[in-house]
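# Structural features, examined
Listed below, chain by chain, are the residues.
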Amino acid sequence: MSKRKIVSVLHQLDMLPLPAKDKILSACPSPETSADEARVINSRRPRRLKPLFAIGVVMILLVFGTAVYAIAAEAKEYNEAVTFFREYDLAEEGLTRSEIKAVYRDIITGSFRFDKTAEVIEQKVTKSSVGGYEILQEAPTPEDLERYWEFVTNYEKYIEHNPLRNSDGVIYRSRELTVFREDLGLEIFDQNVFEKYRDGALIWTAENIEFWIDSYVAFDGKVIIYGRSPTDPGEDDDRGAWVALIDQDGEVLWQTRLNNGSVYEDIAAILPSDEKIVVFSKADARYLCMSEFDLSGKITRTHITEIGPYQIGNTARLGDGYIISLRSEDGHARLIKVSCDGFITDAFSYESNDCRYFITDMIEYNDKIYLSAHSVPKLENEERDGGGRYEIAAVLNYIFDNQMTDITDDEVTRLMRANFSAVILVCDPISGIPQEFYSVEESIGGKLMIDESNQLIWNVESITHAFFSPMASSFSISSTNLVFRYTFDESGALLNQEKTKEFTRFYR
Amino acid sequence: MGDKRINQACDRAITDFLRGDRDALAIIYDLMARMIFSVSYSITESYQDAEDVLQDTMIEITKYAHRYRSGSNAKAWILAMARHLSIDVIRKRKSVVSADDTVMDNTPEPPFDLSRLEVLDMLNTLDEEKRQIIVLRLYAELPYKEIASVMGLSVAAAQKKYQRAIRALKDYFRRTGD
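None of the values given here were measured: they were computed from a predicted structure.

## Quick word on the overall build of chain B
- Of the regular secondary structure elements, chain B holds eight helices and zero strands.
- In chain B, which comprises 178 residues, the proportion classed as buried is 45%.
- A sequence separation of at least 24 residues applies to 66% of the contacts in chain B between residues at least 6 apart.

Structure (structure tokens):
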């Protein structure tokens, strides 16, 4: 049975004869006059009592000659701010008079003070809804469960020990070389090297890298590696972020520590292009830093913005600027638009009345930004958020409320599947606002990729088996998920659905 | 006619009506009567009630045209009214039945043998809410955003309910061997 069949049956409704048009229309009253319309439109004009009141206050103060100039200026700015808020339908609730002015200043000057301004702008966007299409996905079959048990039994084979591996026969590996110190009688650290292998054969080794390598980005035959200062555990009061460019022959062209005045900094994302390398980092647990280098390693631009406790998630280009997903401590996703010079120009969070969205991946494709995410129902009591694990809080609350710490895996799987929906959001290239989305029930949003045919691939992880682990310190619920792969064309139309034999794991 | 063009044409017709053009109402009828009637019929399951709802919806359009915000989704605005009126009909019908269980069935016969239509069997397998979502989504082709607005739901809730309705129909077709 396909949707087409349902549509075709529904269109039998078109066979019902309609009542006579004249009969229906004759019962309708005549149109109202345009004057009436004008009256209605006038009545809908926003009231401007507050600005008038403020102006009145300023006039009185002028008459009495007290602090004339400063107060008038303050009131003028406040009035302008209020007018601006109303014009752009921004929410004033919860903001003090000075905060309204501060947000207004932030927006018109572009010097974005994130904590309040983002919230105000975000509220505006949150009101807009997201349209969408659903994708029906097959529930796990007995064969899938069989494959799951094989996966679990042979789990070691599936584990990826080296995170610096890619899929087309090329492997990048970082190693720490040591030397034997005779006076100490032990091996000590000498240097970090970064190696490229193809089909198991060493291609090149980049030597004398001055930092510990966390990850890499390959582009145009070159590789950007990044990581942190080689400090010992415990010396976390000085942990700088480092970046280096290696050419196609393995020569380190340059390496440098980011200079954002921080003592503790981590690189979150690197976006290379033909002309520049843009690095986004989080400094001193409070600041979003953008550092732009030319290909010779010369720093060409930096910008620092306070973002508070948010973690930097995925990053992608958006027109001339960038879009970055931020994650709060409870995993709540927020997106920010950043201009090419590093200023935050917009902030969005995707929420509906009954769902929260958690972004897992982001990619630019055909001049649009696609976001992979999953949604979970909003909690009735937001304070019971599973100790900051909002995504599984509803499941945990159910287990604890019903004293079901011996809950079966089948029951946990059922609860998890009911809790999650995978979604793909497609953002407008200019505004960043989502235009449409596809969703898949009982799944988690996975990786986004572009294949060799320039088609967009979206991995959706169907929750196949989950278990509750009250004694584990690092997670409470783990699930193993079967990967479905969806292919979209350049217009965003769904082309294909493939059920793979791959599994992923999810821990919270 | 495409959804966008229907919206644009209805939008223009509502504006023209407000300016005093009575013919604009005929345009709205031509564009929307079929959809209003079918949506109402799928909710009320009565040819006569659907006819009344069509009549009342046209009257409501004239009554509330000044409240319509030009540029918004005219189709959804009109269908929201049709839906409310249809639900009112059902509510009234229930209250009449509870007040007097011996209601005379004096409804005029529809000019068509409705029993031939499979769509009725199909829709009857769904509860009222699911039926509305299926018709609004697959027949009226409203986006989720508009369905959510018409039915007073969140977009996510509209989606989930739609998906459940699709599953129910899948079961129905499986049972009927289609």
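## So, the overall build of chain A
- When you go through chain A residue by residue, the secondary structure sums to eleven helices and 24 strands.
- Among the 508 residues that make up chain A, the fraction classed as buried is 33%.
- Here the analysis covers contacts within chain A between residues at least 6 apart in sequence; of these, 46% occur between residues at least 24 apart.

## Digging into helix 3 (residues 47-64) of chain B
- Its 18 residues give helix 3 of chain B an end-to-end C-alpha distance of 25 Å, which sits within 8% of 26 Å, the value for a rise of 1.5 Å per residue.
- Those residues of helix 3 of chain B that sit buried are Tyr47, Asp49, Ala50, Glu51, Val53, Leu54, Asp56, Thr57, Met58, Ile61 and Thr62 of chain B.

## Some details on unusual backbone geometry
All names here are of chain A.
- Look at Asp220: it is not a glycine, yet its phi comes out positive at around 50°.
- Inspection of the secondary structure puts Asp220 in the loop between strand 5 (212-219) and strand 6 (222-228).
- With 10 C-beta atoms counted inside 10 Å, the residue Asp220 sits in the exposed group.

## A few points about the pairing of strand 18 (residues 368-377) of chain A
Residues and elements named next belong to chain A.
- Of all ten residues in strand 18, eight are buried; the element is thus mostly enclosed.
- As judged from the ten bridges shared by strand 17 (residues 355-365) and strand 18, these two strands associate in the antiparallel manner. Counted as the bridge partner of Ile363 is Tyr370 from strand 18.
- Between the end of strand 17 and the start of strand 18, which pair antiparallel, lie two residues, with Asn366 showing a positive phi angle near 55°.
- As paired strands, strand 18 and strand 19 (residues 421-427) are joined by seven bridges and run antiparallel to one another. Its bridge partner being in strand 19, Tyr370 is matched across the sheet by Val426.

## With respect to the pairing of strand 11 (residues 287-294) of chain A
All names here are of chain A.
- Pairing analysis gives eight bridges linking strand 10 (residues 276-283) to strand 11, with the strands arranged antiparallel. Across the sheet, residue Val278 finds its bridge partner in strand 11, namely Glu292.
- The hairpin formed by strand 10 and strand 11 contains three residues between the paired strands, and Asp284 there has a positive phi angle of roughly 50°.
- Pairing of strand 11 with strand 12 (residues 299-306), which is carried by seven bridges, proceeds in the antiparallel orientation. Note that in strand 12 the partner of Cys289 across the bridge is Ile304.
- Here strand 11 folds back onto strand 12, and the loop between the two strands holds four residues, one of which, Gly297, carries a positive phi near 95°.

## As for the packing of helix 1 (residues 3-10) of chain A against helix 6 (residues 128-139) of chain B
- Between helix 1 of chain A and helix 6 of chain B, the least distance of the axes is 10 Å, while the angle of their chain directions is 95°. The angle between the axes of helix 1 of chain A and helix 6 of chain B places the two elements in the roughly perpendicular class. Counting all contacts with helix 1 of chain A, which are made through Lys3, Ile6, Val7 and Leu10 of chain A, the residues of helix 6 of chain B involved are Val135, Leu138 and Tyr139 of chain B.

## Remarks on the nonpolar core
- The biggest cluster of nonpolar side chains holds 149 residues, and the ones touching the most others in it are Ile78 and Leu79 of chain B.
- Of the residues forming this core, the biggest block, twelve residues, is contributed by helix 2 (residues 23-44) of chain B.
- Those residues in contact with Leu79 of chain B that lie beyond four places of it in its chain are Met35, Ile36, Val39, Leu136, Ala140, Leu142 and Val150 of chain B.
- Core analysis: the next-biggest nonpolar cluster, separate from the first, contains five residues, Val82, Ile100, Val103 and Tyr104 of chain A among them.

## Observations concerning the packing of helix 7 (residues 144-151) of chain B against helix 8 (residues 155-175) of chain B
Residues and elements named next belong to chain B.
- For the pair helix 7 and helix 8, interaxial distance at closest approach is 8 Å and the crossing angle is 100°. Relative to helix 8, helix 7 is oriented roughly perpendicular. Contacts between helix 7 and helix 8 involve Tyr144, Lys145, Ile147, Ala148 and Met151 from the first element and Val155, Ala158 and Gln159 from the second.
- Grouping the amino acids of the contact of helix 7 with helix 8 by side-chain chemistry returns six nonpolar, one polar and one charged.

## A closer look at the sheet that holds strand 11 of chain A
All names here are of chain A.
- Pairing is antiparallel across the open sheet formed by four strands, whose spatial order is 9-10-11-12. Strand pairing shows two members of the sheet lacking a second neighbour, strand 9 (265-272) and strand 12, which therefore form its edges. On average, each strand axis in the sheet is inclined to that of its neighbour by 15°, with strand direction left out of account.

## Thoughts on the confidence of the model for chain B
- The predicted model of chain B has a mean per-residue pLDDT of 81, with 84% of residues at 70 or higher.
- Confidence drops under pLDDT 50 across residues 98-105 of chain B; counting only partners more than four residues distant or on other chains, this segment forms two contacts.

## Looking at the sheet that holds strand 5 of chain A
Residue and element names in this part refer to chain A.
- Overall, antiparallel pairing links the four strands, which are arranged 5-6-7-8 in an open sheet. Either end of the sheet is taken by a strand with one partner, and the two such strands are strand 5 and strand 8 (252-257). Across the sheet, the axes of successive neighbouring strands diverge by a mean angle of 15°, strand direction being ignored.
- Of the pairings in the sheet, the one linking strand 7 (residues 241-246) to strand 8 comprises five bridges and is antiparallel in character. By the bridge assignment for strand 8, Ala244 is matched with Gln255.

## As for helix 1 of chain A
- Taken together, the buried positions of helix 1 of chain A are Ile6, Val9 and Leu10 of chain A. Buried residues of helix 1 of chain A, viewed axially, fall in a sector of 100°; they line one side.

## Brief notes about the confidence of the model for chain A
Residues and elements named next belong to chain A.
- Residues at a pLDDT of 70 or more form 76% of chain A, whose mean pLDDT is 78.
- When mean pLDDT is taken per element in chain A, strand 7 scores highest with 95 and helix 3 (residues 34-43) scores lowest with 39.
- In the predicted structure, residues 33-49 sits below a pLDDT of 50 and forms ten contacts with residues beyond four places in sequence or in another chain.
- Low pLDDT, under 50, characterises residues 159-165; the predicted model gives this stretch nine contacts beyond four residues in sequence or across chains.

Calculation rules
Numbering of residues begins from 1 in every chain and follows the order in which that chain's sequence is written. Key to labels: chains lettered from A, ligands numbered from 1, both in the order written. Only residues with pLDDT of 70 or above have their local features reported here, since the model is predicted, and side-chain atom pairs are shown and tallied only from 80 upward, although totals for entire chains, interfaces and linings are computed over all residues. To qualify as a helix, a DSSP run of H or I must reach at least 4 residues; to qualify as a strand, a run of E must reach at least 2; elements of each kind are numbered from the N terminus. Partly exposed residues are those whose C-beta has more than 12 but fewer than 20 other C-beta atoms within 10 Å; with 20 or more the residue is buried, with 12 or fewer it is exposed, and the C-beta atoms are placed from the backbone. Note on contacts: each residue gets a C-beta atom placed from the backbone, and two residues are in contact if those atoms are within 7 Å. Multiplying one less than the number of residues by 1.5 Å gives the expected span of a helix. Here, strands pair whenever DSSP counts at least two bridges between them. To get an axis, a line is fitted to the C-alpha atoms, and for a helix only the part in contact is used. The angle between two axes follows their N-to-C directions and goes from 0 to 180 degrees. Throughout this description, any angle smaller than 35 degrees is read as roughly parallel, any larger than 145 degrees as roughly antiparallel, any in the 65 to 115 degree range as roughly perpendicular, and the remainder as oblique. Nonpolar cores are built from buried Ala, Val, Leu, Ile, Met, Phe, Trp, Tyr and Cys residues. These are joined into a set through C-beta atoms within 7 Å. Residue polarity is assigned by list, with Asp, Glu, Lys and Arg as charged and Ala, Val, Leu, Ile, Met, Phe, Trp, Tyr, Cys and Pro as nonpolar; anything else, Gly included, falls into the polar class. Per-residue confidence from the predictor is reported as pLDDT, a score between 0 and 100. This arc is built from the directions going out from the helix axis to the C-beta atoms.

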